[in-house]
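Analysis of the macromolecular model
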Amino acid sequence: MDPNDVLERRAVVSGIGQSAVGRRLGRDPLGLTIDACLDAITDAGLTVADIDGLATYPGPMDVPPGFSGAGIVDVQDALRLELDWYTGGIELPSQLGSVIDACLAVATGLARHVLCFRTVFEATAQGDKGRASAMPGGGSTFRAHGFMEWVLPFAAPSAAIWVAMFAQRHFYEFGTTREQLAWIALNARRNAALNPKAVYREAMTLDDYLSARMISTPLCLYDCDAPSDGSTAVVVSRADTAADLRKPPISVHAVGSALHGRPSWDQFDDLTTMACRDAAAQMWERADLTAADVDVAEMYDGFSFITMAWLEAMGFCGKGESGPFVDGGASIALDGPLPLNTQGGQLSGGRLHGYGFLHEACLQLWGDAGERQVPDDPEVAVAAAGGGPLAGALLLTRSR
Amino acid sequence: MSTAALPFRILPRITDRNRFFWTGGEVGELRFLRCDDCGTFVHPPVPVCPTCLGRSLRPHAVSGRAVLTTFTVNHHAWMPGPELPYVVAIVDIDEAPGVRLTTNIVGVEPDAVQIGMPLRVAFEQHPDPDDPASSGVWLPLFEPADT
């Protein structure tokens, strides 16, 4: 592709921020959001008055409980932002679709500095009822509609069940095993041990994994991410504002947003992969780099199998080969050829829902990841979010 | 099947677009929309054929046979429902290329469920509280075809 047509290269990530992260913080989610937003603005070397764009996912939602801690209106009014462009919504190529939109907004001149944020408080909102409180059907009058019409009557309300069926098909076609899949969770846990903000940091062994409570075969408890409280923010700026910024920004090299398969968990053409297939292919078509150039990969793990699908979609291993690729954990370790989910992912780091991967990718490229910093000065990172019919990806490079 | 034996189910919201699907069990029919012009089966139901853009789509009864494409044995109590563990599956409908259903597999122990096994529809009837005069909502579950 002609580089002049890859307009997202006019965008950079100029700053990142994050609130406290934890299980049941009991904090006002708008307060968490403001913490993350001010942190990101300061990190970029900007002031609130410099922010002229605002983007978020998914916008205001009351259900599931804690799924959305703040919307555009909340943040714009709290900070009295004067906006030239904004967007907030859920029908996007994953949570990071909102960041992709922000890249295009600065590329086209609609804004110079877009503040992007995502806030969850699912742990606090669910309280001691756990995920059962997030399930629909309170009251016998509730009737399923939309996509849920086709799954709820069959007692399949959770993405755990839907992802489990993709994993099972992958196991069937390619001989993938639980012992292999385990390494997504085990790798996340060993990285979380080095992340002071991670929600689960205690050591976990393969035996711990294999003896954990089964949720929906082949996925056990440790294949499912941990509902958490926290807010993550990034500032996306026009590349030509670099002189105004506190530090050399992270360059957006290419993005991927495609969805060619059907937008459905059960009608998708190939049940061994997901929308990540299309988004990743598009990202590489727009890139001058290849999978071999990537130094660190931060890829969605709402459920462990989703990361396996991303590994294959991105070409880090062949189709159907993610099992052998991750087996034993060496290839995806911090000191391995493809450090993966270096903050502990969502499985052990906490379910920050997509934005955490972008935050960590930038942290690694800036060399600010502390004990979990990937060695040898990483220059190229992938941040990818979404599972099932949702997928969005960014290829990031350190500015020279 | 007696109502007392039925597990709690969240029922679909019945509309003019989907009624043929959720009530077909009353006459033992699993039905999908089919394009009169080109024969394409369309699911979930929409008022246009994605192949030829024809607008003449009508419910068409298939045999109720299907193949198990993938499944999971669910052990977690997400909500009131069938007794744990229960099998959720995606099945491919024999005469309707490209059409799948998410469903439950019944009439077989979860341990014996296998990808590729032939299935046939087994409707589960539920009274419709929004339309008590009707015969209710008929959920298409599937059971092994060789039982």
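Since this is a predicted model, take the numbers as computed values, not measurements.

1. Quick word on the overall build of chain B
The helix and strand tally for chain B stands at one helix and eight strands. Traced from its N-terminal end to its C-terminal end, chain B shows the element sequence α-β-β-β-β-β-β-β-β. Rg of the C-alpha trace for chain B: 16 Å, near the compact-globule value of 15 Å for 147 residues, within the 12% margin. Counting all 147 residues of chain B, 38% fall into the buried class. Relative to all contacts within chain B whose residues are 6 or more apart in sequence, the contacts with residues 24 or more apart total 53%.

2. What about the overall build of chain A?
Within chain A one finds 12 helices and 11 strands. Taken over the C-alpha atoms alone, chain A extends approximately 55 × 50 × 40 Å along its principal axes. Counting across all 400 residues of chain A, residues that qualify as buried make up 59%.

3. As for the nonpolar core
All names here are of chain A. One finds V99, V114, L115, V234, V236, A383 and L396 to be the most contacted residues of the largest nonpolar core, which totals 165 residues. The dominant element in this core, judged by the number of residues it contributes, is helix α5 (residues 159-174), at nine residues. The residues touching L115, leaving out its near neighbours within four places in the chain, are C37, A40, I41, I51, G53, L54, A233 and V235.

4. Here we look at the packing of helix α8 (residues 276-285) of chain A against helix α9 (residues 304-313) of chain A
A packed helix pair is summarised by two numbers, namely the angle formed by the two axes and the spacing between the axes. Residue and element names in this part refer to chain A. Relative orientation of the contacting elements α8 and α9 amounts to 35°, with a least axis distance of 9 Å. As α8 packs across α9, the resulting crossing turns out to be right-handed. Taken together, the residues of α9 that come into contact with α8 (itself represented by C276, R277 and A280) are A309, W310 and A313. A class-by-class count of the residues in the contact of α8 with α9 yields five nonpolar, no polar and one charged.

5. What about the interface of chain A and chain B?
The interface is formed by 32 residues belonging to chain A together with 28 residues belonging to chain B. At the level of elements, α5 and β5 (214-216) of chain A are the ones that each hand at least two residues to the side of chain A that touches chain B. Ranked by residues supplied to the side of chain A that touches chain B, first place goes to α5(A) with six residues. In terms of residue class, the side of chain A that touches chain B is made up of 20 nonpolar, eight polar and four charged.

6. What to know about helix α6 (residues 178-192) of chain A
Residue and element names in this part refer to chain A. The end-to-end C-alpha distance of α6, which contains 15 residues, comes to 21 Å, matching closely the 21 Å that a straight helix rising 1.5 Å per residue would cover. Taking the largest bend as the criterion, α6 deviates by roughly 25°, centred on I184. Among all positions of α6, only L181, A182, W183, I184, A185, L186, N187, A188, R189, N191 and A192 are buried. Here the buried face of α6 lies against α5, α7 (206-210), α9, α10 (322-326) and α11 (345-348).

7. A short note on α8(A)
All names here are of chain A. Taken across its 10 residues, α8 has seven buried, putting it largely inside the fold. Residues of α8 that are buried: C276, R277, D278, A279, A280, Q282 and M283. Its buried side turned inward, α8 meets β8 (250-256), α9, β10 (380-385) and β11 (392-398).

8. Things to note about unusual backbone geometry
All names here are of chain A. Cis geometry marks the peptide bond from Y57 to P58; its omega dihedral reads -5°. For P58, the position within the fold is in the loop between β2 (53-56) and α2 (72-79). Residues T217 and P218 are joined by a peptide bond in cis, for which omega reads 5°. Residue R24 is not a glycine yet carries a positive backbone phi of 55°. Here R24 shows up in the loop between β1 (11-18) and α1 (29-44).

9. Quick look at the confidence of the model for chain B
Close inspection of predicted coordinates is inappropriate for parts of the model with low pLDDT. Residues at a pLDDT of 70 or more form 97% of chain B, whose mean pLDDT is 95. With pTM at 0.97, the complex prediction returns an ipTM value of 0.97.

10. Overview of the pairing of strand β1 (residues 30-35) of chain B
Residues and elements named next belong to chain B. For β1, the tally of buried residues reaches six of six residues, placing the bulk of the element in the interior. Across six bridges, the pairing between β1 and strand β3 (residues 57-62) is antiparallel. What sits directly across from R34, in β3, is R58. In terms of strand pairing, β1 meets strand β2 (residues 41-42) through two bridges, oriented antiparallel. Paired with L33 across the two strands is V42, which belongs to β2. Counted along the chain from β1 to the antiparallel partner β2, the turn is five residues long, and its residue G39 has a positive phi close to 85°.

11. Regarding the pairing of β2(A)
Residues and elements named next belong to chain A. Of the two faces of β2, the one carrying G53 and A55 and the one carrying L54 and T56 are both buried. Where β2 lies against strand β3 (residues 85-88), four bridges are found, and the strand directions are parallel. Across the sheet, the residue bridging to L54 is Y86, located in β3. One ladder, built from four bridges, connects β2 with strand β4 (residues 113-121); its direction is parallel. When the bridges of β4 are listed, G53 appears paired with V114.

Definitions and limits used
Counting restarts for each chain: residues are numbered from 1 in the order of the written sequence. Starting at A for chains and at 1 for ligands, labels are handed out in the order in which the entities are written. Residue-level local features of this predicted model are given only where pLDDT is at least 70; pairs of side-chain atoms are given and counted only at 80 or more, and the full residue set underlies all totals for whole chains, interfaces and linings. Comment: elements are numbered from the N terminus, with helices defined as DSSP H or I runs of at least four residues and strands as E runs of at least two. For a compact globule the rule gives 2.2 Å times the number of residues to the power 0.38, and the radius of gyration it is set against comes from C-alpha atoms. Three exposure classes are used, based on other C-beta atoms lying within 10 Å of a residue's own C-beta, which is placed from the backbone: buried for 20 or more, exposed for 12 or fewer, and partly exposed in between. This entry defines residue contacts through backbone-placed C-beta atoms, with two residues in contact when those atoms are within 7 Å. Nonpolar cores are identified as sets of buried Ala, Val, Leu, Ile, Met, Phe, Trp, Tyr and Cys residues joined via C-beta atoms within 7 Å. In this description, a line fitted to the C-alpha atoms serves as the axis of each element, helices being fitted only across the stretch in contact, and the angle between N-to-C directions of two axes falls anywhere from 0 to 180 degrees. In this scheme the handedness of a crossing depends on how the near helix is turned from the far one: anticlockwise by less than a right angle means left-handed, clockwise means right-handed. The classification used treats Ala, Val, Leu, Ile, Met, Phe, Trp, Tyr, Cys and Pro as nonpolar, Asp, Glu, Lys and Arg as charged, and all other residues, Gly among them, as polar. Expected span of a helix, by definition, is 1.5 Å for each gap between consecutive residues, and there is one gap fewer than residues. To get the bend at a residue, fit one axis to the 7 residues ending there and another to the 7 starting there, then take the angle between the axes. Confidence of the predictor at the level of single residues is given by pLDDT, which spans 0 to 100. We treat two strands as partners when DSSP finds at least two bridges between them.

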